[in-house]
Every structure is written in structure tokens, then in C-alpha cells.
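# A structural walkthrough
Below, each chain spelled out in residue letters.
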Amino acid sequence: HDADETVVPPPAHEVLVHHDVVEQAEAGRRHDVVGLDRLPVLATADAPSETRPIALLGVRGAGKSTIGEALAKKLQTRFVELDKQIEEAAGLPLSEVFATHGEAYYRRIEREVLNQLLADRHMMVLATGGSIVNDPTNYALLRSRCRTVWLHATPEDHWNRVVAQGDQRPMR
């Protein structure tokens, strides 16, 4: 870690992935994504009896999609982006969901979609929306049914990734 970087450890049942892992995955330098094989969450995820989904958490630009795809491939399971599922359920892009119906509607759809995805109890890697932790009900649901992995990146990396993706939403 950098000398001026403070890392707050996640709760005991959660895992923190450092930004170097995401950077290597994005650069395509390591197809096995260095660091993923060392995650404690994978020790039991590889066991056939473990079917709890792995949920990736982090702010926009943390690398949830990049790591999620690589991790799902490594585990030979499906990768699901929660926001894409919400768009399908709402029949609108996220920007229109918020603009037309507001955050309360988004949270309700998020909860419904999350319940549907987690009802079958099959293994998957789930990339969550960056703000899911802001809704206590949805976050509690996620934590009760999934193994959670927090992705960490520097503020500069977050910003550069968001800009590179063309995301124009304000960062709050």
C-alpha cells in the first residue's frame, strides 16, 4: 500500500481486492487475473457444495465488470451485471429510470431483481451497482445471500475509468 493510503478492512465475511488486481485485469497482462486465486472467498467457492453467489462491490469505476467477467470465467459460472438486469426489468436505461421515476423506484426494482436473481441459489458472480450500499434493505439482502468482495482503486483510477467509459453522471 502507498504510505498515505488508508485501507479500512472490510467486515470479517467480506474481502477487499486491491487496485493492482483490477489494473492487471484491465491491461490484459494476466489472463488468470493475479490475485483472484489468492482470495479467501475462492477457497470455498471452488467446492461443489458452495453455491452462494459472489457479489462484487465498489464505487463506479472500481472494476466490478472487469473482475467479474474474469472471476466468472475462472469459476466456470455465469456473470451478471445487476444494473443491466434492472434496465431490462424497467424497460428503460438507468438514466431514464432515475429521470422519469426517481431513486425510490430504482431501489424497488433493484430489490425485486436482486430477489429474483438470488432466489434460485445458484452460483454466479454478480456485479452490483456502485450505490447498492446506500440502501440498507438491498445491501442487507445482498450480504445475507452472497459472499461479498469489495474492490478498491485509487480516486484517480476511478475517475479515469469512468471518463474512459463515457459515463457523464455526476460523482457524488
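The model shown is predicted, which means the values in this text are computed figures rather than measured ones.

### Section: the pattern of salt bridges
Counted by the stated rule, this structure contains 6 salt bridges. The shortest N-O distance in the salt bridge between Glu103 and Arg107 comes to 3.2 Å. Placement of both Glu103 and Arg107 in helix H6 (residues 103-119) is noted, with a separation of 4 residues, approximately one turn of the helix. Residue class for Glu103 comes out partly exposed when judged on its relative accessible area of 43%. By relative accessible area, which is 6% here, Arg107 ends up buried. A salt bridge links Arg107 to Glu110; the shortest N-O distance between them is 3.0 Å. With Arg107 and Glu110 both in helix H6 and 3 residues apart, the pair spans about one turn of that helix. For the pair shown, Arg107 and Glu110 are each scored as buried. In this structure, a network of salt bridges that share partners links the residues Glu103, Arg107 and Glu110.

### Some words on the confidence of the model for the protein chain
As a note on interpretation, predicted positions should not be read in detail where pLDDT is low. Here the protein chain averages 75 in pLDDT, while 62% of its residues score no lower than 70. Confidence drops under a pLDDT of 50 for residues 1-13, and excluding neighbours within four residues, the segment shows 13 contacts in the predicted structure. Across residues 29-34, confidence stays below pLDDT 50; counting only partners more than four residues off in sequence or on other chains, it has 9 contacts.

### Observations concerning the packing of aromatic side chains
The full count for this structure, using the stated rule, is 2 aromatic pairs. Considering the side-chain rings of Tyr139 and Trp150, the 6.5 Å spacing of their centres and the 80 degrees angle between planes classify their relative orientation as edge-to-face. Of this pair, Tyr139 sits in helix H7 (residues 136-145) while Trp150 sits in strand E5 (residues 147-151); the two residues are 11 residues apart in sequence, bridging distant segments of the chain. A residue is classified by how much of its surface remains accessible, and Trp150, at 23% relative accessible area, is partly exposed.

Reading the values: the criteria
Residues numbered from 1 in each chain as written. Predicted model: local features only at pLDDT ≥ 70, side-chain atom pairs only at ≥ 80, totals over all residues. Heavy atoms only, no water. Salt bridge = Lys/Arg side-chain N within 4 Å of Asp/Glu carboxyl O. Helix = DSSP H or I, 4+ residues; strand = E, 2+ residues; numbered from the N terminus. Buried < 20%, exposed > 50% of the residue type's maximum accessible area, 1.4 Å probe, protein only. pLDDT = per-residue confidence, 0-100. Contact = heavy atoms within 4.5 Å. Phe/Tyr/Trp six-rings, centres within 6.5 Å; stacked < 30°, edge-to-face > 60°.

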